[in-house]
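Commentary on secondary and tertiary structure
Chain by chain, the residues run as shown.
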Amino acid sequence: MKTYLTSIFLLLFSLFGYSQNGHLYGEIAFNNDEPVLGAQVVLRGGSIERITSSGIDGEFAFKNLPYGTYTIETHSLEAKPHTIEAEINAVEQTLKYVLEITEFQDLEEVHLRTKTKKEKIEEGGFAVAIIDTKEASLRNLTTNELLDRSVGVRIRQNGGIGSNVEYNLNGMSGSTIGIFIDGLELSTYGQSFNLNNIPTSMIERIEVYKGVLPSHLTGDYAGGAINVVLKKDVSQNNINLATSYGSFNTFQSDVGVTLREKKTGLSFRGAAFYIYTDNSYETWGRSTTYVNHLGQITRPYRAKRFNNTYKSIGGRFEAGFTDTKWADQFFIGYNGSSNYKEIPHGVTMAVPYVGRFNETAAKVILLNYSKKDFLTENLALNINGAQSYRNTFLQDTVGIAYNWDGTMREVIEYGERVPLKTLQGGQQGEKTMLDIDRRITNIRSNLGYMVAHRHRVSLNHKYEGTKRTDEDLLNAINQDLATKSIISQNIVSLNYEAETFNRKLKTNLLGKYISNRTKQTKSDIVVINEENTVVTKDTLTTNSNFGYGGTLSFNAFTDFYLIASAENSFIAPSENQLFGAPEINILPNTNLNPEQNINYNLGFRFGTLEIDKHKFSVYANAFWRNGYDKITQQVVDESEIEEEADADIQTTRYVNLGKTQARGYEAELIYIYNNRLNTSFNFSKFNNVFKQELDENGDEHSLLGQQVPNEPFFTINANIQYRFDNLFQKKSILNTYYTIGYVGEYYTVWGQPEWSKTPSQLTHDLGVSYHFPSQNLIASIDVKNLFNAEVYDNFAIQKPGRGIYFKLNYIINNFL
């Protein structure tokens, strides 16, 4: 790693004097001093033509322009067209001008419209949805809540804030799904820095891919990926402060800072957050029980959750250079986080825990470098790397059983009521004080070259290695007894991207080679010749395979795109799936095999269609997915569960299921009126069934044709937002929000016994945010689960009822 970083530094600084370009930074205002948002800015000069749009403060930028004179045309629906000349003769040039407001603007004059980053990604041939976080960052919404409202996405969460989360994209989950932060796997950062606690104010956008992934996210994934893109714009100095308080004693606060010194390009980005919650919400469904001293069970039982506190603190700080001659972006960063989480139960809510908790900490060193026209024209280099040091501590030493009302369970012994002791001295099995250390290296590099006009080839490499040490501190009589595990992966891929037929046809072909290696060293004490002897066992596995795929996007007519993709890929089991994760109730299974998936997607995207003040867009996609040796969660001894009373499920492990097939479809409709009313409606439905015809004895398999359990397969989401201008104060903005979510019924175990049915669920959320006239202060209120509906998730764990949350945001712009 040190050698790798040293080589990069020498290369970057040797290029310091490369190139002779300048950057143009502009700012547009109306003649009433209001900033111009969303104006189209067109720059022309010689053979160069570029298009962009102005931001919330009227700002825009054109970077890496050769010295010379340029014409800048500006179009806005609220003002007269404007043309101005600008000369670039310095590294940075600034330009400010004013547009004259007019009541009527001939739409024919506004003949050009730049495509947003969202539109460019969505039209690239991938089955992808882009989630904008601008409005959500002002409200009491987590990243996972935003994702859960997106088409085809289901967030599986084991309770309230801080509980374990698994992501499901149209029936694909676990290691088939890649979860990224800026292109690096989320696992690099640990549990204390995840999509549950990253403030939405730190996020630029969220990309949700189904099926084939773009080159910069290449990995052994087949179900898709979620890529959280953090904010990187440092064009202006600003500070963003936010704090909120709400139900269940939930407090959240975050701060974000961006700074840039224009002459040198030296830049700084920083953000920090703090979260605390009791998670003390009531449960009253069938998952909550009470057992008296005679062993009689009361079900359902209303109780308030306890031993459920969650605390998290973290920060991310990056310093480097932007828009210099030798780098478009060069940042070195540090990401630190820690959390404390009480564990209230196992995989299900059958048995409440007291005194079981875990603490995690992560220290991550980051490197990011990107440069267009690297060494030569049309060659682009991107490097993204991280070295992570993670620690997990789990304690479980309380040997008394408890009820869901927080009292000790009792039994009758010799005519007296006495506390019920657990079988092995801990809340979940044996007493333990487990310490797990992980050192993770994750490096991605992408070298792309434009071999011809609109034809690009890219070579990608990913290396990820994890060294893990498990040590039981409660029984640490010998340091040699620590279990040591190593997992490493190398992926080399080649992409070919082309735009043909006057850019109407876009294709992307992918081929990749994946090499995996795992090793575990486990030691035990055995008695040999009446003496205790440490016996060590090494388990080594290696495998490699090839994968391939492609995407196609055809612009059949204006704003209508046909989108198709196909992929054949292998997915290696992850570290947690192989070696277990006791802090989230997962047992190890080192016998897992790689999973193979063959996936097809076919759909279309239409819009944005504009008719007067109306805007429409439609997206639809059908998918067919075939899994072989599917890796899935299975509760321990699930085959022995016949009655609800037997469903005392506390742990789970991942297993290879066999052959499965998922077929389904999803769609989304968006309607906007006068840029004030925003509505969306989406749904997803699929059947993910077991398809292996014969069992190991050659007989018809008993599970043939059954739906894979514990997996919601029908979801609907609807969102309505309306904006009021100048309602209480001049220049103020009031936004109102209403969201409906529906999840169809599903079963949690094979065989679909009636007691295992999770009922259909319907939730309603309300929200309102108010921008004060200064636009620096924003206040919001959100009511989640308005009607206090009975809502369940992973393995029928009940989620919070009604909650009310208040939030304040304060923004300081251009303070230096």
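Residues numbered from 1 in each chain as written. Predicted model: local features only at pLDDT ≥ 70, side-chain atom pairs only at ≥ 80, totals over all residues. Heavy atoms only, no water.

**Quick word on the overall build of the protein chain**
The test is simple: Strands here mean DSSP runs of E at least two residues long; helices mean DSSP runs of H or I at least four residues long; both are numbered from the N terminus. We take the radius of gyration over the C-alpha atoms and set the globule estimate at 2.2 Å times the residue count to the 0.38 power. Relative accessibility decides the category of a residue: with a 1.4 Å probe and only protein chains considered, values under 20% of the type maximum give buried, values over 50% give exposed, and everything between is partly exposed. We call two residues in contact whenever any of their non-hydrogen atoms come within 4.5 Å of each other. Residue-level accessible areas treat just the shown protein chains as cover; the underlying method is Shrake-Rupley with a 1.4 Å probe. Within this scheme the basic residues Lys and Arg register as positive and the acidic residues Asp and Glu register as negative, but His and the chain ends are omitted. To locate a charge, take atom NZ for lysine, CZ for arginine, CG for aspartate or CD for glutamate.
Of the regular secondary structure elements, the protein chain holds four helices and 48 strands. Rg of the C-alpha trace for the protein chain: 28 Å, near the compact-globule value of 28 Å for 816 residues, within the 12% margin. Judged by the C-alpha coordinates and their principal axes, the protein chain covers about 95 × 60 × 55 Å. Burial statistics for the protein chain: of 816 residues in total, 52% are counted as buried. Expressed as a percentage of contacts within the protein chain between residues at least 6 apart in sequence, the contacts between residues at least 24 apart total 66%. Of the roughly 36,600 Å² that the protein chain leaves accessible, carbon and sulfur atoms contribute 54%. Side-chain charges in the protein chain split into 78 positive and 91 negative, and the spacing between the mean points of these groups amounts to 4 Å.

**Considerations on the pattern of salt bridges**
Quick note on the threshold: Put simply, a salt bridge is a Lys or Arg side-chain nitrogen that is within 4 Å of an Asp or Glu carboxyl oxygen.
In this structure the tally under the stated criterion is 33 salt bridges. One salt bridge in this structure joins K799 and D793, with 3.4 Å as the shortest N-O distance. Across the pair, D793 and K799 agree in class, each one buried.

**Considering the nonpolar core**
Our working definition: What is meant by a nonpolar core is a set of buried Ala, Val, Leu, Ile, Met, Phe, Trp, Tyr and Cys residues, joined one to another through side-chain atoms within 4.5 Å.
Of all hydrophobic cores here, the largest spans 35 residues; its most connected members are L147, Y167, L195, I206, V208 and I226. Once residues within four sequence positions are removed from consideration, L195 is found in contact with T143, N144, L147, Y167, I179, L186, I226 and V228. By size, the runner-up hydrophobic cluster in this structure holds 18 residues, among which are I28, L43, Y70 and I88.

**Structural notes on the sheet that holds strand 3 (residues 48–53)**
Note the threshold: In this analysis, strands are considered paired if DSSP registers two or more bridges between them. Note on definitions: angles span 0 to 180 degrees between N-to-C directions of axes, and those axes are lines fitted to C-alpha atoms, for helices only across the stretch in contact.
Ordered in space as 3-2-5-6, the four strands form an open sheet in which the pairing is antiparallel. One side of each edge strand has no neighbouring strand; the edge strands of this open sheet are strand 3 and strand 6 (79–88). If you compare each strand with its neighbour and ignore which way they point, the axes differ by 20° on average. In terms of strand pairing, strand 2 (residues 40–45) meets strand 5 (residues 68–76) through five bridges, oriented antiparallel. In the sheet register, V41 faces strand 5, and the bridge partner there is T74.

**Some thoughts on the packing of aromatic side chains**
Our working definition: Only Phe, Tyr and Trp rings are paired, with Trp represented by its six-membered ring, and only when their centres lie within 6.5 Å; those with planes under 30 degrees apart are stacked, over 60 edge-to-face, the remainder tilted. The criterion for a charge sitting over a ring is simple: Lys NZ or Arg CZ within 6 Å of the ring centre, and within 35 degrees of the ring normal.
Under the counting rule described, the total for this entry stands at 30 aromatic pairs. Aromatic pair F251 and Y274: ring centres 6.1 Å apart, planes at 55°, arrangement tilted. Taken together, the residues F251 in strand 17 (residues 250–260) and Y274 in strand 18 (residues 266–277) connect sequence positions 23 residues apart. Through a chain of ring-to-ring contacts, the aromatic side chains of F321, W326, F330, Y369 and F374 assemble into a single cluster. The aromatic ring of Y737 is capped on one face by R139, whose charged end is 3.9 Å from the ring centroid.

**Quick notes on the environment of F546**
Inspection of the secondary structure puts F546 in strand 33 (residues 531–557). Overall, F546 belongs to the exposed group, its relative accessible area being 61%. For the pair F546 and V492, spaced 54 residues apart in the sequence, the C-alpha separation amounts to 9.8 Å. If we ignore the near neighbours within four places in the chain, the residues touching F546 are K512, Y513 and F570.

**Things to note about the sheet that holds strand 9 (residues 153–157)**
Read from one edge to the other, the open sheet built from three strands follows the order 9-10-11, with strand pairing classed as antiparallel. Because the sheet does not close on itself, it has two edges, and the strands there are strand 9 and strand 11 (172–173). Summarising the sheet, strand 9 and strand 10 (residues 165–169) pair through five bridges and their orientation is antiparallel. When the bridges of strand 10 are listed, R154 appears paired with N168.

**Quick look at the side chain of S137**
Among the structural elements, S137 can be located in the loop between strand 8 (127–132) and helix 3 (143–148). When its relative accessible area of 7% is taken as the criterion, S137 is described as buried. If we skip the residues at most four places from it in the chain, S137 touches T200, S201, K807 and N809.

**What to know about the environment of N591**
Within the secondary structure layout, N591 lies in the loop between strand 35 (586–587) and strand 36 (595–611). On the basis of relative accessible area, N591 is assigned to the exposed category, the value being 64%. When the C-alpha positions of N591 and N656 are compared, they lie 9.1 Å apart, and in sequence the two are 65 residues distant.

**What about the pairing of strand 12 (residues 177–181)?**
A large share of strand 12 lies buried, amounting to five of its five residues. Direction of pairing for strand 12 relative to strand 15 (residues 224–230): parallel, over a ladder of five bridges. The partner of F180 across the bridge, within strand 15, is N227. Bridge count for strand 12 against strand 13 (residues 184–185) is two bridges, and the pairing is antiparallel. Directly across from F180, in strand 13, lies its bridge partner E185. Here strand 12 folds back onto strand 13 in antiparallel fashion, the turn holding two residues, of which D182 has a positive phi close to 55°.

**Some words on the environment of V791**
Its location among the elements puts V791 in the loop between strand 47 (777–784) and strand 48 (803–813). In sequence terms V791 and Q761 are 30 residues apart; their C-alpha atoms lie 6.1 Å from each other. In this structure, V791 is in contact with Q761, T763, N785, I797, Q798 and K799, ignoring residues within four places of it in sequence.

**Considering the confidence of the model for the protein chain**
Applicable threshold: Predictor confidence is given residue by residue as pLDDT, running from a minimum of 0 to a maximum of 100.
On average, residues of the protein chain score 86 in pLDDT, and 92% of them reach the 70 mark or higher. Low pLDDT, under 50, characterises residues 3–19; the predicted model gives this stretch 26 contacts beyond four residues in sequence or across chains. Low confidence marks residues 104–113, where pLDDT is under 50. Its contacts with residues over four positions away, or in another chain, come to 17 contacts.

**With respect to a nonpolar patch on the surface**
Short version of the rule: Nonpolar side chains (Val, Leu, Ile, Met, Phe, Trp, Tyr) within 5 Å and like charges within 9 Å form the patches, drawn only from residues with over 30% relative accessible area and no salt bridge.
On the surface, a nonpolar cluster with roughly 360 Å² of combined accessible area is contributed by Y245, F251, Y274 and I313. Looking at the element boundaries, I313 is found in strand 23 (residues 310–322).

**What to know about unusual backbone geometry**
In this model, R299 is joined to P300 through a cis peptide bond whose omega is 0°. Considering the arrangement of structural elements, one finds P300 in the loop between strand 21 (297–298) and strand 22 (303–304). Unusually for a residue other than glycine, F248 sits at a positive phi of about 65°. With respect to the helices and strands, the residue F248 is situated in the loop between strand 16 (238–246) and strand 17. Residue F248 is classed as buried on the basis of its relative accessible area of 18%. With a phi close to 45°, N307 is a non-glycine residue in the positive phi region. Following the sequence through the fold, N307 ends up in the loop between strand 22 and strand 23.

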